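Letter by letter, the chains look like this.
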Amino acid sequence: MKQVDENKLAKSKKRKQSLAFFMFGFIGFVIVGILLTVLSFIVFKGVSVISWDFITKMPEEGMTRGGIYPAIIGTLCLVGGSMIFAFPIGVMAAIYMNEYVRDGIIKKIIKQMTNNLSGIPSIVFGLFGMALFVNKLGFGDSILAGSLTLGLLALPVVIRTTEEALKGVDDTFRHASLGLGATKWQTTRRVVLPIAFPNIITGLILSVGRVSGETAPILFTVAAYFLPKLPTSIFDQAMALPYHLYVISTSGTNIEESRPIAYGTALVLIIIVLLTNILANFLRKYFGKKVKMN
Amino acid sequence: MLKLESKQVNFYYGSSPALKDINLEMESNTVTALIGPSGCGKSTYLRLFNRMNDLIDNTKLTGEVLIDGIDIYKKGINVDTLRKMTGMVFQKPNPFPKSIFENVAYGLRVNGITDKQFIEERVETTIKQVVLWDEVKDKLKKSAFELSGGQQQRLCIARALAIQPSVILMDEPTSALDPISTSKVEELIHELKSKYTIVIVTHNMQQAARVSDHTAFFYLGELVEVGTTKKIFTNPTQEKTQNYITGRFG
Ligand SMILES: Nc1ncnc2c1ncn2[C@@H]1O[C@H](COP(=O)(O)OP(=O)(O)OP(=O)(O)O)[C@@H](O)[C@H]1O
Ligand SMILES: [Mg+2]
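Residues numbered from 1 in each chain as written. Chains lettered and ligands numbered in written order. Predicted model: local features only at pLDDT ≥ 70, side-chain atom pairs only at ≥ 80, totals over all residues. Heavy atoms only, no water.

Asker: So what's going on with the packing of aromatic side chains? Residues and values would help.
Answerer: Geometry of an aromatic ring pair is reported as the spacing of the ring centres plus the angle between the planes. All names here are of chain B. In the structure shown here, the tally under the stated rule is eleven aromatic pairs over all chains. Aromatic pair Tyr45 and Phe218: ring centres 5.4 Å apart, planes at 45°, arrangement tilted. Here the residue Tyr45 occupies a position in helix 1 (residues 42-48), and Phe218 occupies one in strand 9 (residues 214-219), the gap between them amounting to 173 residues. With a relative accessible area of 0%, Tyr45 lands in the buried category. An aromatic cluster of at least three residues, connected via ring pairs, comprises Tyr45, Phe49 and Phe218. (Phe/Tyr/Trp six-rings, centres within 6.5 Å; stacked < 30°, edge-to-face > 60°. Helix = DSSP H or I, 4+ residues; strand = E, 2+ residues; numbered from the N terminus. Buried < 20%, exposed > 50% of the residue type's maximum accessible area, 1.4 Å probe, protein only.)

Asker: If you had to explain the packing of helix 3 (residues 100-110) of chain B against helix 4 (residues 116-129) of chain B to someone new, which residues and values would you point to?
Answerer: Residues and elements named next belong to chain B. Packing of helix 3 against helix 4 leaves a shortest axis separation of 9 Å and a crossing angle of 115°. The hand of the helix 3/helix 4 crossing is right-handed. Across from Ile100, Phe101, Val104, Ala105, Leu108 and Arg109 in helix 3, the residues of helix 4 making contact are Ile119, Glu120, Arg122, Val123, Thr126 and Ile127. Of the residues contributing to the contact of helix 3 with helix 4, the split by class is eight nonpolar, one polar and three charged. (Axes fitted to C-alpha atoms, helices over the stretch in contact; angles between N-to-C directions. Left-handed = near helix turned anticlockwise from the far one by under 90°. Contact = heavy atoms within 4.5 Å. Nonpolar A, V, L, I, M, F, W, Y, C, P; charged D, E, K, R; others polar.)

Asker: Tell me about the site of ligand 1, and please be specific about residues and values.
Answerer: All names here are of chain B. Looking at ligand 1, the residues that line it are Tyr13, Ala18, Ser38, Gly39, Cys40, Gly41, Lys42, Ser43, Thr44, Ile56, Glu172 and His203. One of the side-chain N or O atoms of Glu172 is found 3.4 Å from an oxygen atom in ligand 1. Computed on the free molecule, ligand 1 has an accessible area of 630 Å², of which 60% lies beneath the protein chains in the complex. No other element matches the three residues that helix 1 contributes to the shell around ligand 1. A per-class count over the shell around ligand 1 returns four nonpolar, six polar and two charged. (Near = heavy atom within 4 Å. Polar contact = N/O pair within 3.5 Å; in protein donor to acceptor, adjacent residues only side chain to side chain. Areas by Shrake-Rupley, 256 points an atom, 1.4 Å probe, with all protein chains shown as cover.)

Asker: Quick rundown of the interface of chain A and chain B? Include the residues and the values.
Answerer: At the interface, 23 residues of chain A touch 30 residues of chain B. In total, chain A and chain B occlude about 2,200 Å² of area from one another, counting both sides; carbon and sulfur atoms represent 58% of this. The largest per-residue losses of area from chain A upon contact with chain B belong to A:Arg102, A:Leu180 and A:Arg190, which jointly make up 28% of the total buried on that side. Counting every contact that joins chain A to chain B gives one salt bridge. Where chain A touches chain B, the interface holds seven residue pairs in polar contact (both at pLDDT 80 or more). If you list the elements that add at least two residues to the side of chain A that touches chain B, you get helix 7 (171-179), helix 8 (184-212) and helix 11 (255-293) of chain A. The leading source of residues in the side of chain A that touches chain B is helix 7 of chain A, at seven residues. (Buried area = accessible area lost by both parts, 1.4 Å probe. Salt bridge = Lys/Arg side-chain N within 4 Å of Asp/Glu carboxyl O.)

Asker: Break down helix 6 (residues 143-167) of chain A for me, with residues and values.
Answerer: All names here are of chain A. Taking 1.5 Å of rise per residue, 25 residues should cover 36 Å, and helix 6 covers 35 Å from first to last C-alpha, within 8% of that figure. Taking the largest bend as the criterion, helix 6 deviates by roughly 40°, centred on Ala154, and proline Pro156 comes between one and four positions later. For helix 6, a buried count of 20 out of 25 residues is recorded, marking the element as mostly surrounded by other parts of the structure. (Expected span 1.5 Å × (residues − 1). Bend = angle between axes of the 7 residues up to and from the residue.)

Below, the structure written as structure tokens:
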């Protein structure tokens, strides 16, 4: 047997260990660095623009002055609308897939379809939304059409996260409930869903984050170039933050002059996404506690 | 009186057999222990009696499984009703993420009972039955997760008893518990015997010897030997049984 130099081996192991440690640490720092650069760039450029007036006033003078109030409201309406549509359907689809359908070819097909759906570029959703909701169903360019289109986009995310949440529920809970003579539905509603709920909520909020930043799907279905008034019904057009950003950066009346407003808009958008993430965390913790209590 | 019975039962997961020609009878108010090495089919056999194996895809059963002389796999048997006749206790304590009270009340509620007073009375008597009342009577509204593992397991037994089954199926109910909690559960099994027919899977030979009247030894999906616990542990007829209980394999 070959004699191994214990000392040498230990040294080489240690060297490799510190090298690996350094590599991963370095990459980690680079990523955080990039993220911070992007963030601070936007914050730095945008923070001077943001004021109470900026978020509560209408745009003025060809969008080079004034606020972005209608775009904020528009985005909130669209996000809310898309969730009203995507959340119940997505959750029900996931329940059906995870609790009712047996493993097999049908389940595989549905799974594959949902995965493919989430891979479709969002501009294609926009086109589809225009064809179906705007034209065929006659909703016109409207919050309704935009919400439905965004909802379609969010659907795979909601389905997938809900499925993961349901899978995370230990089977012995189901068996215990069924063993007491509960039906599948009773088991799902009274045992499985309450346990999975915190994670389902997280999925919901993640899809809110996704939806609120999308431009392409609302391009042909709802977004107004310039509309200095609030929507009064779901059949109205509306402005929206991402599209507003796009417009004032590419085709505004005076692109140079509206640059600061663009950064301000970007910052508001980032803040909204950030807030939803914080809210997600809070809700998950809150419901996580509540599940154990009730 | 004959309570549980299986006649020429074969069970398959996909195409691989897990139970081979099992013939076994269990009397009312007795405790039967199922023993045997890991993977020999004890849990599979236990789950036949509340049709929990139905939940697993791609399985096949031949032969008859009878409770009170009725073939429970016959057409027209309502599975939910059948499962009310049997209570199941699992290896790991698994109370629902609800209050102590609601855990025990759960079986009543899902079976359509709404009478508040009735539920309260039943919950109380059942928790007393598992000798947990003194420990939890002041915190019935608290989460069941706040109990110790042993208390949780007794709560799970109470949960199973609340709907007044006549059969209790236990799959290694003490394998996750400390010695003191284990002996409490074993005492409980003794108490419950007068009212229920109990089938218990266990890897613990002493436990089988302590709690059961009859012992069935499974090996590779076959029922090697069954008899009174005393006989199995002192004078088994099969060599395999002898080897297993003396710890020579398994
Ligand atoms: N859901 C399943 N799908 C496929 N095969 C299974 C399934 N459950 C059990 N089996 C197989 O059936 C056989 C019997 O398993 P079973 O769980 O009944 O054994 P057991 O005696 O309870 O073992 P243990 O003492 O480890 O709990 C094993 O070979 C196992 O691999
Ligand atoms: Mg087992």
